Amino acid sequence: MKKLLAMLMAFVMILGLTACVTEDDTPETKATISIPPAVIDPKEQVNADFYPLETDTVLRVLFTEGGEGEIDASKLWEEVTGIELDVLTWTGEQLSASLAATDIPDAIVMPWDFPKAKVYEFGAAGKFLDFSKHLDKMPNLCALIKQYPEILEVCAYPDGGMYSLPKVGWSNTNQSNLLYIRTDIMEELGWEKAPATTDELLQFIKEAQEKYKDNPEFKAFIPQTKSYMNWNGQNTLASTLFSSFGELVETGLTLDAENKVVLGAATEQYRYYLEYMNQLWNSGAFETGIYTMDSASSKAAIQNGNCAISIGTYANTSSFADGVAHIEVMEPLVSKYQGTKQWMKNPVVNFRACVANANCEDLDTLLAFLDSFYAPHDNPLNKEGTVYGASLSKGVTGVNIAIDHEAKTWTSLEKFSNYSDNLYTGIIGEYVPISSLRVKGKGTMENLLPYAKEVSNLTALVVLSEDDQDNYADLWTDLEKYISQMHGKFITGQEDLETGWDNYLSRLNQMGLEEVLEIYQNAYDPN
């Protein structure tokens, strides 16, 4: 993105300076965070020498998963940091009530579901800590910012504050917008390579369906559940195939090559995608019952090996006579409309990781506690080298997880009972798991990651004003419902795409699409 590139250039220019301050006094606009010296030249800290701290401070910390639940990671972090924790087990309603009463925990650790505008409201009111003023006390985070400078954009709020810490991580097994192909069926049909184009994919599933026409349970192409037939989302068939028909990778609100906010589902690219999906639907090789099938049935069909192409899951090794999964992840497809392979990758940086009480009585201890979550594998928190940021979800190396750095794989040894996410995944996110997800992890790294294009992540980059948020929500509710209805009708042929497309676009504009685009454009790139 243009603004991100500009930030990166600015970041390079200031390496020889002491600081660079960017100010924006205009409320409700996109802003960048002032870059303190700590980010330019973070202090060197050997975490194993710094922790555990000698302190009597007790921090009130809410580790949230769906708003509630004490986790084992809190006990591990007490041990390695030397900080006693008063772990809260509030429900989402209790959290909302406490914030309204300004009874704010010292830290609220993700996952949590506040919109960015809500974080800004509490931050601007002086209730949530502005981390940008304290980065000199967070060397692990500063080192991470040097590695991922987009943190300064994603975690920026309209007044230049940094009221939330970033989640920095990505996993090669956390996305489902990828196609699996049975390599044994490829061999039987005489295909030396997996289909590389959308036309080849259509031809392949037709051949596979003809080959196994005597098996009434076989359908050549099966999505795991009807959720994969949604028009918008990061784990859908649309997110898998849409990018094969033009420059965009998102069907929802996104940025085009000129940083113009557009709706992918209102472009010619989307029309080409719908035309292709209608061809798949009518091919006789696609599971057209997916809208009415229960997820258990469709998943069982895939896992029992009754398809050649799947999305969402793949056949178990027990489906193969030799006990080996003859399955691989396909590379992104190209078409006559798009000759460059591209794959939609979830963003690495998210603003929604943690907030803190601006009025905590012992800020130094609080900052040291939160900074520990960003400890990398090569600068662990303990002298044994077994605890680091990713341990929040994976546990202790040698006890809960084994890591093979040469093979770049990891294996789960003993279940670590905690919530499922962490603030910084590090190499764990890229190493391939030795588990039932090995096919997915290995295939993602080898066949998809080279063509990755991250989503625009608009909701993380901008903060809408209260009025704009209300207007957007009112308009988007009806727009999303209508797009969903027409998505299904165009694919199944209930609505003719040739005669209905112009009416579809006209209806979107009548329902307020242009206003929605203007709201986000003004917020992303204010005058």
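Before any of the text, the structure's been laid out above.
Overview of the structure. Note that the structure is a prediction, hence the values are computed from the model and not measured.

### Regarding the sheet that holds strand β6 (residues 221-223)
For step 1, the next point in the chain: Pairing is mixed across the open sheet formed by four strands, whose spatial order is β6-β9-β5-β10. Two strands lie at the open edges of the sheet, namely β6 and β10 (327-329), each paired on one side alone. Along the sheet, successive strands turn relative to each other by an average axial angle of 25 degrees, direction set aside.
For step 2, the next point in the chain: Where strand β5 (residues 179-182) meets strand β9 (residues 309-311), three bridges bridge the pair, whose relative direction is antiparallel. Opposite Leu179, over in β9, you have Ile311 as the bridge partner.
For step 3, the next point in the chain: Contacting β5, β6 and β9, helix α10 (residues 198-211) runs over the sheet at an angle of about 115 degrees to β9.

### What to know about the sheet that holds strand β13 (residues 401-404)
For step 1, the next point in the chain: Reading across from one edge, β13-β14-β15 is the order of the three strands in this open sheet, with mixed pairing throughout. The sheet terminates laterally at β13 and β15 (432-433), the two strands that pair on one side only.
For step 2, the next point in the chain: Where strand β14 (residues 409-412) lies against β15, two bridges are found, and the strand directions are parallel. Its bridge partner lying in β15, Thr409 is registered against Val432.

### Structural notes on the environment of Glu247
For step 1, the next point in the chain: With respect to the helices and strands, the residue Glu247 is situated in the loop between α11 (237-241) and β7 (253-255).
For step 2, the next point in the chain: The exposure class of Glu247 is partly exposed, given its relative accessible area of 39%.
For step 3, the next point in the chain: Non-local contacts of Glu247, meaning those with residues more than four positions away in its chain, are made with Asp256, Ala257, Gln269, Gln338, Gln342 and Lys453.

### Here's the deal with the packing of helix α18 (residues 466-492) against helix α19 (residues 497-510)
For step 1, the next point in the chain: One way to put it is that α18 packs onto α19 with a least axis distance of 12 Å and a crossing angle of 175 degrees. One finds that α18 runs roughly antiparallel with respect to α19. Here Leu479, Tyr482, Ile483, Met486 and Phe490 of α18 come into contact with α19, specifically with Leu497, Gly500, Trp501, Asn503, Tyr504, Arg507 and Leu508.
For step 2, the next point in the chain: Broken down by class, the residue content of the contact of α18 with α19 amounts to nine nonpolar, two polar and one charged.

### Concerning the packing of helix α12 (residues 268-281) against α18
For step 1, the next point in the chain: Relative to each other, α12 and α18 sit at 50 degrees, their axes nearing to 7 Å. On the basis of the axis angle, α12 is oblique to α18. Between α12, through Tyr270, Tyr273, Leu274, Met277, Asn278 and Trp281, and α18, the contact on the second element is made entirely by Ile483, His487, Phe490, Ile491 and Thr492.
For step 2, the next point in the chain: Residues belonging to the contact of α12 with α18 are distributed by class as follows: eight nonpolar, three polar and no charged.

### Structural notes on the pattern of salt bridges
For step 1, the next point in the chain: Inspection of the entire model under this criterion finds 11 salt bridges.
For step 2, the next point in the chain: For Arg60, the salt bridge identified is with Asp103, shortest N-O distance 3.4 Å. Within this pair, whereas Arg60 is found in strand β1 (residues 58-63), its partner Asp103 is found in the loop between α5 (92-100) and β3 (107-109), the two being separated by 43 residues in sequence.
For step 3, the next point in the chain: Taking the relative accessible area as the measure of exposure, Asp103 reaches 35% and is therefore partly exposed.
For step 4, the next point in the chain: Three or more residues are tied together by salt bridges with common partners; here these are Arg271, Glu275 and Glu498.

Calculation rules
Residues numbered from 1 in each chain as written. Predicted model: local features only at pLDDT ≥ 70, side-chain atom pairs only at ≥ 80, totals over all residues. Heavy atoms only, no water. Pairing = 2+ DSSP bridges. Helix = DSSP H or I, 4+ residues; strand = E, 2+ residues; numbered from the N terminus. Axes fitted to C-alpha atoms, helices over the stretch in contact; angles between N-to-C directions. Contact = heavy atoms within 4.5 Å. Buried < 20%, exposed > 50% of the residue type's maximum accessible area, 1.4 Å probe, protein only. Parallel < 35°, antiparallel > 145°, perpendicular 65-115°, else oblique. Nonpolar A, V, L, I, M, F, W, Y, C, P; charged D, E, K, R; others polar. Salt bridge = Lys/Arg side-chain N within 4 Å of Asp/Glu carboxyl O.

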